[in-house]
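# Residue-level structural notes
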Amino acid sequence: MADTAGVKMKYLTKCISDGATRVTYSTRCTAARLRVSVILAVAAVGLSAGAVAQQSVEAPQSGLINSAAGAFNAATGKSYVVDSDGGRVEISDDRTGATRSVKVGSHPTSIAVNSQNGRAYVLNAGDGTVSVLDARTDEVVAAVQVGDHPYSIAADSTAGKIYVTRTYSKQLMVIDAATNHVSNIETASPDLLVINPKLHTVYLLGYEMGDLAILNGVTHAIARTSVGMHAWGMAINQETGTVYIAKPGEGRIAVLEAGSNQPVYIQTGGLPCALTVNERTNTIYVADYSENSVRVISGDKKQVVTTIPVGSRPEAVAVDADHDRIYTANTSGGSVSVIDGSTNRVLRTEPVGAAPYALTTNPAARKVHVASLGVTRAVSFTDY
């Protein structure tokens, strides 16, 4: 990979051709404050100009993506997946088999579920709103303005708060779940967030410089640390409170224990870009985009214990802890790989269509729901 020292970066760019794939970075234009989307582009790598001219290539697909583009509501048994281009959310009631498409705001990007009131909160990056969906009727009951460039959303359900990050803004937006009133907290310029609901602690990660703000959701006190530039992908073990952050530019994972602001690091190699945690086994699964694999990390040993080959260019990873299954969204392969966590072996790879980039699982129904670029209907399959 080319040296990117001194260059401000944002988001991975995937350049894909029939013969080869390369991974580069797209730059963030600080002066213009431009937001750069993840792009799946068809590119001819290692081909002559004449050969390129003779080939018929598929038009590039682009869009702002977030691994939280799907969510599962355990209380209602409903799964939610965004259709960003269509400005809709696909809702599946896996208990009855019923599905519904609900119109929300412009370019929905991520979803959070409030386990206390059962509502789903859909962040719409295109118009700076959050659509609030009723748990029973699935109707939009409110459209809450949160400001421009919103990106990630998460719920601290017991505290009655919904948090929204805004790229290029120093404000973290806070929605009161009871009233939909919006307030803000001065933080930094966060992109991703995860919440420790036991301690009401919010971890806010800025991709570009790797700044990590640790917010006390009760007092609003903020501790700050850094995990280094170009940090992307974050997960938390809700049982231990340990936070894991992927560092794709360095091939390692930053680890922050609960109550600490001093990270330690686990070397993975490759290009780690997404993570998930099986809290029952204290195992972390890391999607390695460049090597088409999943790194398996023992949370107790804090080291990689094995590597599992999966489909082409895994971009997201999800876990079903009830059945010890792990799923990877293989963006270039148009597939989802199913891993048995007890043996660390791939059971099968399921075709799901073009460019899957986010997953959500329903353990009770053993259903997996998939968000894909350019696809207007969510794809799901049952894993027995």
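Everything below is about the structure printed above this text.
Residues numbered from 1 in each chain as written. Predicted model: local features only at pLDDT ≥ 70, side-chain atom pairs only at ≥ 80, totals over all residues. Heavy atoms only, no water.

Turning our attention to the pattern of salt bridges. Per the stated rule, a full pass over the model turns up 13 salt bridges. Ionic pairing is found between Arg95 and Asp93, a salt bridge with its closest N-O pair at 3.4 Å. The exposed category is assigned to Arg95, whose relative accessible area is 60%. Of the residues examined, Asp93 reaches a relative accessible area of 13% and is grouped as buried. A salt bridge links Arg166 to Asp148, with the nearest nitrogen and oxygen atoms 2.8 Å apart. Pair noted here: Arg166 is in strand β14 (residues 161-166) and Asp148 is in the loop between β12 (140-145) and β13 (150-156), with a separation of 18 residues, a long-range link. For Arg166, a relative accessible area of 10% translates into the label buried. Of the residues examined, Asp148 reaches a relative accessible area of 48% and is grouped as partly exposed. (Salt bridge = Lys/Arg side-chain N within 4 Å of Asp/Glu carboxyl O. Buried < 20%, exposed > 50% of the residue type's maximum accessible area, 1.4 Å probe, protein only. Helix = DSSP H or I, 4+ residues; strand = E, 2+ residues; numbered from the N terminus.)

A few words now on the packing of aromatic side chains. Within the structure shown, the criterion is met by two aromatic pairs. Both rings, one in Tyr207 and one in Trp232, keep their centres 5.5 Å apart while their planes meet at 80 degrees; by these two values the pair is edge-to-face. Here the residue Tyr207 occupies a position in the loop between β18 (201-205) and β19 (211-216), and Trp232 occupies one in the loop between β20 (222-226) and β21 (234-236), the gap between them amounting to 25 residues. By relative accessible area, Tyr207 is classed as buried at 2%. Its relative accessible area of 15% is what places Trp232 among the buried residues. One aromatic cluster in this structure is built from Tyr151, Tyr207 and Trp232. Of note, Arg252 hangs over the ring of Tyr265, and the distance from its end group to the ring centre comes to 3.8 Å. Above the face of the Tyr289 ring, Arg313 is positioned so that its terminal group lies 5.7 Å from the ring centre. (Phe/Tyr/Trp six-rings, centres within 6.5 Å; stacked < 30°, edge-to-face > 60°. Lys NZ or Arg CZ within 6 Å of the ring centre and 35° of its normal.)

Let's shift gears to the pairing of strand β25 (residues 272-278). The two faces of a sheet get side chains in turn, since along a regular strand they alternate between them. In terms of residue burial, β25 counts as a mostly covered element, since seven of its seven residues are buried. Joining the antiparallel neighbours β25 and strand β26 (residues 283-288) is a turn of four residues, in which Asn282 adopts a positive phi near 55 degrees. (Pairing = 2+ DSSP bridges.)

Before going further, it helps to examine the nonpolar core. Across soluble globular proteins, nonpolar side chains have a tendency to be buried as a group. Membership of the largest hydrophobic core comes to 20 residues, with the highest contact counts inside it found for Tyr80, Val89, Ile111, Leu133 and Tyr357. If you list the elements that add at least two residues to this core, you get β6 (78-83), β7 (88-93), β9 (108-113), β10 (120-124) and β33 (356-362). Looking at which element gives the most residues to this core, the answer is β6, with three residues. Dropping the residues within four chain positions of it, Leu133 is found in contact with Tyr80, Ile91, Val104, Arg119, Ala120, Val122, Asp138, Glu139 and Val140. Membership of the second largest hydrophobic core comes to 19 residues, among which are Leu192, Leu205, Tyr207 and Trp232. (Core = buried A, V, L, I, M, F, W, Y, C linked by side-chain atoms within 4.5 Å. Contact = heavy atoms within 4.5 Å.)

With that settled, consider unusual backbone geometry. Residue Asn180 is not a glycine yet carries a positive backbone phi of 65 degrees. You can see Asn180 is positioned in the loop between β15 (171-176) and β16 (182-186). Here Lys302, not a glycine, exhibits a phi torsion of approximately 55 degrees, which is positive. Structurally, Lys302 can be placed in the loop between β27 (293-298) and β28 (303-309). Judged by its relative accessible area of 33%, Lys302 falls in the partly exposed class.

Bringing the sheet that holds β28 into the picture now. Spatially, the four strands line up as an open sheet ordered β25-β26-β27-β28, and their pairing is antiparallel. Strand pairing shows two members of the sheet lacking a second neighbour, β25 and β28, which therefore form its edges. Ignoring strand direction, the axes of neighbouring strands in this sheet form an average angle of 25 degrees. As paired elements, β27 and β28 share six bridges and run antiparallel to each other. The partner of Val294 across the bridge, within β28, is Ile308. (Axes fitted to C-alpha atoms, helices over the stretch in contact; angles between N-to-C directions.)

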